[in-house]
Amino acid sequence: MTDAIRFIRKLAYANMLANDRLHEAIRLLEPGEFEAPRTSFFPSLVATLNHILIVDWFYIDALEDGTLGPKAWEDEIPFPNPKELRTAQRTSDRRLLAFCQSLRGEGTARPVHIHRAGRIQVERTDDVLSHLFQHQTHHRGQVHAMLSGTSIKPPQIDEFIVADDAASRADAMQRLGLTEAEVMQLDS
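I will try to describe carefully the structure that is included in this document.

What counts as what
- Residues numbered from 1 in each chain as written.
- Predicted model: local features only at pLDDT ≥ 70, side-chain atom pairs only at ≥ 80, totals over all residues.
- Heavy atoms only, no water.
- Helix = DSSP H or I, 4+ residues; strand = E, 2+ residues; numbered from the N terminus.
- Rg over C-alpha atoms; globule rule 2.2 N^0.38 Å.
- Buried < 20%, exposed > 50% of the residue type's maximum accessible area, 1.4 Å probe, protein only.
- Contact = heavy atoms within 4.5 Å.
- Areas by Shrake-Rupley, 256 points an atom, 1.4 Å probe, with all protein chains shown as cover.
- Core = buried A, V, L, I, M, F, W, Y, C linked by side-chain atoms within 4.5 Å.
- Pairing = 2+ DSSP bridges.

A word on the overall build of the protein
Stage number 1. Counting secondary structure elements, the protein contains six helices and two strands.
Stage number 2. Written out in order from the N terminus, the α and β elements of the protein read α-α-α-β-β-α-α-α.
Stage number 3. Expected size for 188 residues packed as a compact globule is a radius of gyration near 16 Å; at 17 Å, the protein falls within 12% of this value.
Stage number 4. Projecting the C-alpha coordinates of the protein onto the three principal axes gives extents of approximately 50 × 45 × 20 Å.
Stage number 5. Taken over 188 residues, the protein has a buried fraction of 48%.
Stage number 6. Considering only intrachain contacts with a sequence separation of at least 6, the fraction spanning at least 24 residues in the protein is 70%.
Stage number 7. Summed over all atoms, the accessible surface of the protein reaches about 9,400 Å², with 54% contributed by carbon and sulfur.

As structure tokens, then:
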């Protein structure tokens, strides 16, 4: 496995762990806090977390040679229920991880055809993945900030990618059924 593919896979694991940690925090909110208006790019936790998922669908579909395109945005909040949203995000995260695990050799340079309104954008696989991971990180930061105005303390979401952080990720690892060997790619 190349260093680039290892790095991409580690980002997919870190992404999955951070999303799980945020959704675990959301589970603890008081009634009404998930939907409550907040100051951010999207006006609530429910809107922001659904946006993260929808954009995942859009790009993962393109990475898998699909044609979903703008249809991904037909319903801006497909999951108003936090439990259903968490399940859908976990499914999306596993789909992204599976894609990253399938990468071999020069697969990171393969062209991706992204179906946009009225055109098809063509980008390299590694560039699309970089953009997607950055997008998720950006909006997870907004969710983290919005959680500061709720009844719960925002969770730690940036300790997942180095060996020394193993104890910090143990809770999410257990919920997701992951092993240290998988996340640290010790057996690859």
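Examining the nonpolar core
Stage number 1. Within the largest apolar cluster, 31 residues are counted, with the highest numbers of intra-cluster contacts made by Leu-96, Cys-100, Leu-129 and Leu-178.
Stage number 2. Put simply, the parts of the chain that give this core at least two residues each are α1 (3-27), α2 (45-63), α3 (82-102), β1 (111-116), α4 (125-147) and α5 (166-176).
Stage number 3. Looking at this core, the element that brings in the most residues is α2, giving seven residues.
Stage number 4. Setting aside anything within four residues of it in sequence, one finds Leu-129 in contact with Ile-8, Leu-63, Leu-96, Phe-99, Cys-100 and Leu-103.
Stage number 5. Among the nonpolar cores identified, the runner-up in size contains 18 residues, and Phe-34, Val-46, Val-143 and Leu-147 belong to it.

Structural notes on the pairing of β1
Stage number 1. Sheet topology note: the β1/strand β2 (residues 119-124) ladder contains six bridges and is antiparallel. The partner of His-113 across the bridge, within β2, is Val-122.
Stage number 2. The hairpin formed by β1 and β2 contains two residues between the paired strands, and Gly-118 there has a positive phi angle of roughly 80 degrees.

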